[in-house]
Every structure is written in structure tokens, then in C-alpha cells.
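# Understanding the architecture of this molecule
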Amino acid sequence: MMKAAFPGSFDPPTLGHLNIVQRAARIFDQLLVVVAENKQKKYLFSADERADMMRRLAADYDNVTVTVCDSLIVDFLRKEDIKLLVRGVRGMDDFSYEFELSMVYKALDPDIETLFMTTDPEYFVLRSSSIKEIAAFQGNVSEMVPPLVAEALGKKYQTG
Ligand code: ADP
């Protein structure tokens, strides 16, 4: 049984994240999407909101579950008995960041293996931070996020 985790902020989930979920769900027997709750970070959506969106988006995949983690990811993975971690990579900038992160995970727990999954080309410009910026200016994000996320962004940035 191959279990893997896909951790991230998912603030909010984008079509790029979903592409990774869909492809990873085909490779692993079980995929746990881990919504990170880091008290040092400022999020637009609460952990519950992010997890709820992810759950609804992943509802079609029988082998995908979603959970929130507010502790160190390596400790969390040990408790869940998961040794494989999936991270998405859009380009060289992502790669150098992700590579360093994977070294930190290795230092904390040598049993953890990080697997990098390259983005599918149509998603490589998608980034939660830019999407939030566009939505804040009432721009059209419907090609970048699923409808339920576009709706949630619309509500967050409602004017008047
Ligand atoms: P974090 O704050 O942990 O970087 P993100 O929500 O930004 O969380 O991203 C979670 C993971 O998804 C990261 O590995 C990131 O590189 C990956 N990711 C984000 N957007 C895309 C995309 N468009 N295509 C592929 N992977 C992506």
C-alpha cells in the first residue's frame, strides 16, 4: 500500500493544485492532502475554509482524503505512517525552494522521501498569491480556479 501526502497552504486551492492531486491520486493507493496551518503565516482563508474547499474539490477521488496539520509536517507524517511527500514544481524557482525544503525534511527525518511532480504546462502560471491579487481587484479568475473557489474569492473581496 503506497501512501503519500501532498502538503500545502492551498490559500486558496487552484487548478494547478488540483492537477497535482488528480495525477498523484492515479499513482498512489492513498493520497492525503495536508492543509497547513502555520501560526506565523497570514492566510486569506482559515484552515477550515481551505480544507473544506479541498474536500469538496477532491470528493470525486475515492483514495484522496484531506486533513489540517498545525504541527511540523515531518512529525505529522510519522504519526500517520506516511513516508512519501509530493510537491508540485512549476519551474526553476520552485525547484530551488522545494529542493532546500526537502533537505530540511531529510535532516529532520531521513525516512521521508520528497517526490517532485512537474506541473502540466497549462497550469504553470497559476499561483495562489497572484490569483488573490487579481481577485482583490475584481479581476476574472474563472480560468485559474474551480468555480467554488472563484465564488469564495468573490465573497472575500466583495465591495460595498
Ligand atoms: P506552500 O505554501 O506550501 O508552498 P502552496 O499552496 O503554495 O503551498 O503550494 C502547495 C504545493 O503545490 C507546492 O509544492 C507548490 O509548488 C505546488 N503548486 C502550487 N501551484 C502549482 C501549480 N500551478 N502547478 C503545480 N504545482 C503547484
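As a starting point, this report considers the structure included with it. Note that the structure is predicted; figures quoted are calculated from it, not measured. (Residues numbered from 1 in each chain as written. Predicted model: local features only at pLDDT ≥ 70, side-chain atom pairs only at ≥ 80, totals over all residues. Heavy atoms only, no water.)

## Looking at the overall build of the chain
Here is the rule we go by: In DSSP terms, a helix is any run of H or I states spanning at least four residues, a strand is any run of E spanning at least two, and both are numbered starting from the N terminus. As defined in this context, the radius of gyration uses C-alpha atoms, and a globule is described by 2.2 Å times the residue total to the power 0.38. Note on exposure labels: buried denotes an accessible area under 20% of the residue type's maximum, exposed denotes more than 50%, and partly exposed covers the range between, all computed with a 1.4 Å probe on protein chains only. Here, residues are in contact when the closest pair of their heavy atoms is within 4.5 Å. Accessibility throughout is a Shrake-Rupley quantity obtained with a 1.4 Å probe, and a residue counts as covered only by protein chains that appear here. Neither His nor the chain ends contribute to the count of charged residues, in which Lys and Arg are positive and Asp and Glu negative. Charge placement uses NZ in Lys and CZ in Arg. For Asp and Glu, CG and CD serve respectively.
A tally of helices and strands in the chain yields six helices and five strands. Along the chain, helices (α) and strands (β) appear in the sequence β-α-β-α-β-α-β-α-β-α-α when read from the amino end. Scaling as 2.2 N^0.38, a compact globule of 160 residues should have a C-alpha radius of gyration of about 15 Å, and the chain matches this with 15 Å. Counting only C-alpha atoms and orienting by the principal axes, one finds that the chain spans roughly 50 × 35 × 30 Å. Residue burial in the chain is summarised as follows: out of 160 residues, 43% are buried. Contacts in the chain between residues far apart in sequence, at least 24 positions, make up 74% of those at least 6 positions apart. For the chain, the exposed area adds up to about 9,200 Å²; of that, 53% sits on carbon and sulfur atoms. Each charge sign in the chain was given a centre, from 19 positive and 24 negative side chains, and these centres are 3 Å apart.

## Comments concerning the sheet that holds strand E4 (residues 84-89)
Definition in use: Criterion used throughout: strands pair if DSSP finds at least two bridges between them. The convention used is that axes are lines fitted to C-alpha atoms, helices contributing only their stretch in contact, and that angles between N-to-C directions extend from 0 to 180 degrees.
The strand order across the open sheet built from five strands is E3-E2-E1-E4-E5, with neighbouring strands paired in parallel fashion. The open sheet is flanked by strand E3 (64-69) and strand E5 (113-118), the only strands paired with a single partner. Across this sheet, the average inter-strand angle for adjacent strands is 30°, counted without regard to direction. As paired strands, E4 and E5 are joined by six bridges and run parallel to one another. Of the residues in E5, the one forming a bridge with Arg87 is Phe116. Sitting on the sheet, helix H4 (residues 92-108) touches E4 and E5, and the angle it makes with E4 is about 165°.

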